[in-house]
Amino acid sequence: MAVAWQDTGVVLSIHPLGEGRVRLSVLTATRGRWNGLVMSSRLVRKGGTGVLQPGNIVQLYWKARLGEQLGIFDVELLESIAPHFFDQPITLEALASACAVLDTVLPERHPYPDIWAALLALLAALRECGRMDIYVRWEIKVLAGLGYGLDLSCCAATGSTSNLIYVSPKTGRAVSALAGEPYRDRLLVLPPFLVDPDEDADPSALLQGLNLTGYFLEKHLLVPPRACLPSVRQRLAQHFLSRP
């Protein structure tokens, strides 16, 4: 007996397979990350591969003869996201980075309702204001949703909430300037905007934030052969490295 379901999803990636097929990876609202085949003939009827641009919100219909099979997707476009950012290259790169990060770190077929909600909130926030500090905070939510949350509320050594400027690479907890001074070369930098929401996030602070979240993404979630962050995520960080 065939199995089937329908759900809302966000496109993460597509990979052409030849023979009129592409493999689609999506994050669904209730079933987590899911892969399936899309037949090119169906895409032509629905407007072409533009329907499957990363970040697009889609209605999905999946079916297979057996539940463990790759299965076939039928896809309906609900909202096209990338065109909102065609004149904002950094925001467009942040969108691509978010999709690539999830496609890389999430295991298949496991629901992550908090990460789903965080992704929808990120898409809305990027469209509204395009601030990159929102993206850094989103990666922190991804880490928390996968069980590797950072504790930036107080110093791990003293309990103080003042002058938090480091993060322990071992525990992911904040460390104050005084407690961390003897170990400063072994600690990660905690940018001020992640402690105080009123602090501006300049390019230097954004790079520090991306380096911080990138370190823990790689430490906890990336194993060979995917032992480094996706190339688009690396380019996003490099953009802030090159800015004054």
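Residues numbered from 1 in each chain as written. Predicted model: local features only at pLDDT ≥ 70, side-chain atom pairs only at ≥ 80, totals over all residues. Heavy atoms only, no water.

- If you check an unreviewed UniProt entry, the protein appears there as DNA repair protein RecO from Haematospirillum jordaniae.
- Regarding the protein, the relevant UniProt record gives this comment under Sequence similarities (unreviewed entry): "Belongs to the RecO family."
- According to the UniProt record, the Function (unreviewed entry) comment for the protein is "Involved in DNA repair and RecF pathway recombination." (UniProt positions renumbered as here; feature names shortened; annotations may be inferred.)

Observations regarding the domain arrangement of the protein
Accessible area lost during the coming together of the parts is what is often quoted as the interface size.
Phase 1 of the analysis: The assigned domain composition of the protein is domain 1 (3–80) and domain 2 (84–152 + 190–239).
Phase 2 of the analysis: For domain 1 versus domain 2, the separation of C-alpha centres amounts to 24 Å.
Phase 3 of the analysis: Every contact between the two is made by 27 residues of domain 1 and, on the other side, 18 residues of domain 2.
Phase 4 of the analysis: Together, the buried faces of domain 1 and domain 2 total about 1,600 Å²; carbon and sulfur atoms form 58% of this surface.
Phase 5 of the analysis: Of all residues in domain 1, Leu12, Leu27 and Arg33 bury the most surface against domain 2, accounting for 38% of the area lost on that side.
Phase 6 of the analysis: Taking the shortest distance from any N to any O, the salt bridge between Glu79 and Arg127 comes out at 2.1 Å.
Phase 7 of the analysis: Linking domain 1 with domain 2 are eight residue pairs in polar contact (both at pLDDT 80 or more).
Phase 8 of the analysis: Looking at the side of domain 1 that touches domain 2, the elements that each hand over two or more residues are strand 1 (3–18), strand 2 (21–28), strand 3 (32–39) and strand 4 (57–64).
Phase 9 of the analysis: Among the elements that take part in the side of domain 1 that touches domain 2, strand 1 stands out by supplying seven residues, more than any other.
Phase 10 of the analysis: The class makeup of the residues in the side of domain 1 that touches domain 2 is 10 nonpolar, 13 polar and four charged. (Domains from an automatic or database assignment. Contact = heavy atoms within 4.5 Å. Buried area = accessible area lost by both parts, 1.4 Å probe. Salt bridge = Lys/Arg side-chain N within 4 Å of Asp/Glu carboxyl O. Polar contact = N/O pair within 3.5 Å; in protein donor to acceptor, adjacent residues only side chain to side chain. Helix = DSSP H or I, 4+ residues; strand = E, 2+ residues; numbered from the N terminus. Nonpolar A, V, L, I, M, F, W, Y, C, P; charged D, E, K, R; others polar.)

Some thoughts on helix 3 (residues 113–128)
Phase 1 of the analysis: Spanning 16 residues, helix 3 covers 23 Å between terminal C-alpha atoms, matching the ideal 22 Å at 1.5 Å per step.
Phase 2 of the analysis: Looking at helix 3, one finds that the buried residues are Ile115, Trp116, Ala118, Leu119, Leu122, Leu123, Ala125 and Leu126.
Phase 3 of the analysis: Considering only its buried residues, helix 3 is in contact with strand 1, strand 2, strand 4, helix 2 (89–105) and helix 4 (132–145).
Phase 4 of the analysis: Positive backbone phi, at 70 degrees, marks Gly130, one or two positions downstream of helix 3. (Expected span 1.5 Å × (residues − 1). Buried < 20%, exposed > 50% of the residue type's maximum accessible area, 1.4 Å probe, protein only.)

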